[in-house]
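# Fold and geometry: a report
What follows is the residue order along each chain.
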Amino acid sequence: MIKVNNLSFSVNNKKLFHNLSFAISEGELIRISGSNGSGKTTLLKIMLGITPPKKGFIEKEFSFGEKEFEFLGHKNGLKTYLSVKDNLYLMDLKLNDKNLKVLNDLSLLDLMSETVGNLSYGQQKKLALARVILSKARLILLDEPFVGLDDDSKKLLEKFLFNHIKTGKSAVITSHIDIDLPYSEICLDD
Amino acid sequence: MIRLFFKELFKMVRQLRSWLGPLSVFVLILVAFPLTQDIDTKFSHQTTFSFLWIISLLVIMLSTEKVFLEDFDDGSMEQHLLKSYNFSDYVSAKVTSSFLLIGIPLSCMSWLFLQSAVAMTNLNLVSLLSFLLSNFIFINFCFFGNAVSLKRGSLLGLLIITPLLFPVLIILGKMLSAALLGLDYSNFLLLLLGCSLISGPLMPFVISYILKIHLE
Amino acid sequence: MLKKFFHQFASPKSYFRIATKIQNPFLLIFVLLYVFALAWGLLFTPEDYIQGNSYRIIFMHVPASFVSQILFLIMAFCSVIFLVWRLKLSIYVAKSIAPIGAAVTFFALFSGSIWGIPTWGTWWQWDARITSTLILLIMYLGLISLHSSFNNYEKADRFFAIIVLAGVINIPIIKKSVDWWSTLHQSASITLTDAPSIDPLMLAPLFLSIFSFFGLIMGIVILSSRYEILLREQSKSWVKSL
């Protein structure tokens, strides 16, 4: 699905990674690991095409910008001064039965008219994840998705990721927390 | 594109302080200005106009201070960059909603203030038009300045773009003095129109290029 | 052949080597030349029959205001090279020009003010040229603060280059518009044009002072660009081995 060839990146002459090559195939979950500041987020951003790599290139089967992928970074992309419902409108999520069921599973349904700024960190994270879960993307890229989630929500996300890769779609995540899923690992520490 | 515009407008309308705040600052300054004069002083056209232009510019600087910072900080700018529409459309949507909620009210209030302050004879329509055009150009350039100094406070970008606005202010001044002398001022108006027609479509591209570098 | 030479010279390493070698003789020659030009201008030229001796500041003022604009053009040229060919050396040079340009522009304004007191009776006039020089100073100051406000040097370089280019398009526009503004508004009593017919005896030292001041400033640019290179390439092996 995506092939990464000889990727190198450095900031202010400090090397983050060098000659990195890997491929993501259908139905595969990739976990990028590494210590703080090893370039996990940067690697995701390069794969998304936000940051240009110093050397190397990325082959994509599809072009980003189509509704083929979904990304959630450290920052949730939520408007804290708006209610949950308004944020769902900004995310282009319709309130049909299927979507409402997922929101109920994430225990967000009772909070629809609450201002996002008043929600806890975990609840905000869940709201942001709802966008990813409700999309039909073939490739999902998540940056530290498990941080701040309680056990139930963590299991829910793991279950979603499991079903996601079972249907032949792919996912890339960065995580410090161990997960209960079959994955191949890319370690950025040398 | 239209959907995007409505979303930006929705966000801005719901965040009252981002547009109602600057507008009330504008009104307060308008009230303060006559207080510094004697009650029976007649304002001169030149002073009143240049006062209004400068105040509009300052209020627009104030109101656009955090337009991009908010989206950048909460990560929604990244999401816009990854979407299927052009990134510059997102910038245009922001500029347009700003003009709608700040630029147009400012122009109308400036025009009303003029009615109260100086005798308007032949300047009625043209002054409103000049306010609208100049505010549109100001908003575009202030967005540019804020995009440059995204995370560093808006002061830096404004320091760099304000010189770019001097020609616009000079055109405005020329236009007024020509109109007051009863000369033909349509060429100045056309020049102003040309400036806004160029900056309107061009600026979103420049701004989106700068924002992309910030997001790297 | 030419390309190879270009590539070789354009690497910060070889530029640094060459610059280290020529810097001191270069500076020495132009300092001496400038002192000579000043001495010639200040001591051995005839007195102006209207302005008396006060006109002699022309030998400091005119070179400064000329060089302040040329420096911006050089900076813009370097920025274009950086944006098109990604040549790091050019942005190092451009960046080290900015503070020097600000200093020269300030000196031009300052010396102009001093000259203004005896000749026009005022140290400041909202005249076209003075205003546009002031704007130039503001742009230099903005550029300096812009580059220092980024942590990531590569991003800072690109912003720097973009803003320099915006500025260099801006400068003729401002100059034109400001000229336009002042010619209609201002009475003809005070204009900043040079003495209508300048004596050849004054012209020769004036040209020499412009030329030598330009050389002197370029020497300082070489000096400060060397430090910039050291700062930016400090992790490279050739810098460490120095």
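Attention here is on the structure that accompanies the text. Owing to the predicted nature of the structure, the values given are computational and were not obtained by experimental measurement.

Counting its secondary structure elements, chain B contains nine helices and zero strands. In chain B, the order of α-helices and β-strands from amino to carboxyl end is α-α-α-α-α-α-α-α-α. Taking 2.2 N^0.38 as the reference for a compact globule, 216 residues should give roughly 17 Å; the C-alpha atoms of chain B span a radius of gyration of 18 Å, in line with that estimate. Projected onto its principal axes, the C-alpha coordinates of chain B cover approximately 55 × 35 × 30 Å. Long-range pairs, those at least 24 residues apart, make up 78% of the contacts in chain B between residues at least 6 apart in sequence. Working note: accessible area of chain B is about 9,100 Å², and carbon and sulfur atoms make up 71% of it.

Turning to unusual backbone geometry, a few remarks are in order. Where the residue is not glycine, phi is negative for most of them; where a peptide bond is considered, it is trans in most cases. Of note in the backbone geometry, Asn 19 of chain A takes a positive phi value of approximately 50 degrees without being a glycine. Assignment of secondary structure puts Asn 19 of chain A in strand β2 (residues 14–24). Positive phi, close to 55 degrees, is recorded for Arg 86 of chain C, a residue that is not glycine. Residue position: Arg 86 of chain C is located in the loop between α3 (58–85) and α4 (88–120).

All told, the structure shown has zero disulfides over all chains when counted by the stated rule. The cysteine Cys 142 of chain B is free of any disulfide, with Cys 195 of chain B supplying the nearest cysteine sulfur at 15 Å.

Another point: the environment of Ser 135 of chain A. Residues and elements named next belong to chain A. Note that Ser 135 resides in the loop between α4 (121–133) and β6 (139–143). A relative accessible area of 21% places Ser 135 in the partly exposed class. A distance of 3.5 Å separates a polar atom in the side chain of Ser 135 from the backbone nitrogen of Ala 137.

Residue and element names in this part refer to chain B. Orientation of helix α1 (residues 2–14) relative to helix α6 (residues 87–117), taken along the N-to-C sense of each, is 50 degrees, at an axis distance of 8 Å. It follows from the interaxial angle that α1 and α6 lie oblique. Pair α1 / α6 crosses with right-handed handedness. Judged by residue contacts, Leu 4, Phe 5, Glu 8, Leu 9, Lys 11, Met 12 and Val 13 of α1 engage Asp 89, Tyr 90, Ala 93, Lys 94, Thr 96, Ser 97, Ser 98, Leu 100, Leu 101 and Ile 102 from α6.

Glancing now at the interface of chain B and chain A. Counting residues at the interface gives 22 residues for chain B, matched by 22 residues for chain A. Of the roughly 2,100 Å² buried between chain B and chain A, counting both surfaces, carbon and sulfur atoms make up 54%. Counting across the chain B and chain A interface gives seven salt bridges. Close ionic contact of Lys 79 of chain A with Asp 74 of chain B constitutes a salt bridge, the shortest N to O distance being 2.8 Å.

On to the interface of chain C and chain B. Listed by partner, the interface residues are 24 residues for chain C and 20 residues for chain B. Summing the contributions of chain C and of chain B, the shared interface buries around 2,200 Å²; its carbon and sulfur component is 74%. It is Lys 155, Phe 159 and Trp 180 of chain C in chain C that bury the most area against chain B; as a group they hold 24% of the surface buried on that side. At the surface where chain C touches chain B, the tally comes to one salt bridge. Its salt-bridge partner being Arg 158 of chain C, residue Glu 216 of chain B comes within 3.2 Å of it at the nearest N-O pair.

The next subject is the packing of aromatic side chains. A full pass over the atoms with the stated rule returns 18 aromatic pairs over all chains. When the ring of Tyr 89 of chain A is compared with that of Phe 10 of chain B, the centres are 5.3 Å apart and the planes differ by 85 degrees; the resulting orientation is edge-to-face. With Tyr 89 of chain A in helix α2 (residues 84–90) and Phe 10 of chain B in helix α1, this pair bridges two chains. Aromatic pair Phe 106 of chain C and Phe 110 of chain C: ring centres 6.1 Å apart, planes at 15 degrees, arrangement stacked. Here Phe 106 of chain C and its partner Phe 110 of chain C are both found in helix α4, four residues apart, which amounts to about one turn of the helix. For Phe 106 of chain C, a relative accessible area of 48% corresponds to the partly exposed category. Connected via pairs of aromatic rings, a cluster forms that spans Phe 33, Phe 51 and Phe 113 of chain B. The side chain of Lys 75 of chain A reaches across the aromatic face of Phe 72 of chain B, ending 4.7 Å from its centre.

Rules behind the numbers
- Residues numbered from 1 in each chain as written.
- Chains lettered and ligands numbered in written order.
- Predicted model: local features only at pLDDT ≥ 70, side-chain atom pairs only at ≥ 80, totals over all residues.
- Heavy atoms only, no water.
- Helix = DSSP H or I, 4+ residues; strand = E, 2+ residues; numbered from the N terminus.
- Rg over C-alpha atoms; globule rule 2.2 N^0.38 Å.
- Contact = heavy atoms within 4.5 Å.
- Areas by Shrake-Rupley, 256 points an atom, 1.4 Å probe, with all protein chains shown as cover.
- Disulfide = S-S within 2.5 Å.
- Buried < 20%, exposed > 50% of the residue type's maximum accessible area, 1.4 Å probe, protein only.
- Polar contact = N/O pair within 3.5 Å; in protein donor to acceptor, adjacent residues only side chain to side chain.
- Axes fitted to C-alpha atoms, helices over the stretch in contact; angles between N-to-C directions.
- Parallel < 35°, antiparallel > 145°, perpendicular 65-115°, else oblique.
- Left-handed = near helix turned anticlockwise from the far one by under 90°.
- Buried area = accessible area lost by both parts, 1.4 Å probe.
- Salt bridge = Lys/Arg side-chain N within 4 Å of Asp/Glu carboxyl O.
- Phe/Tyr/Trp six-rings, centres within 6.5 Å; stacked < 30°, edge-to-face > 60°.
- Lys NZ or Arg CZ within 6 Å of the ring centre and 35° of its normal.

Nothing here speaks to function; it is all geometry.
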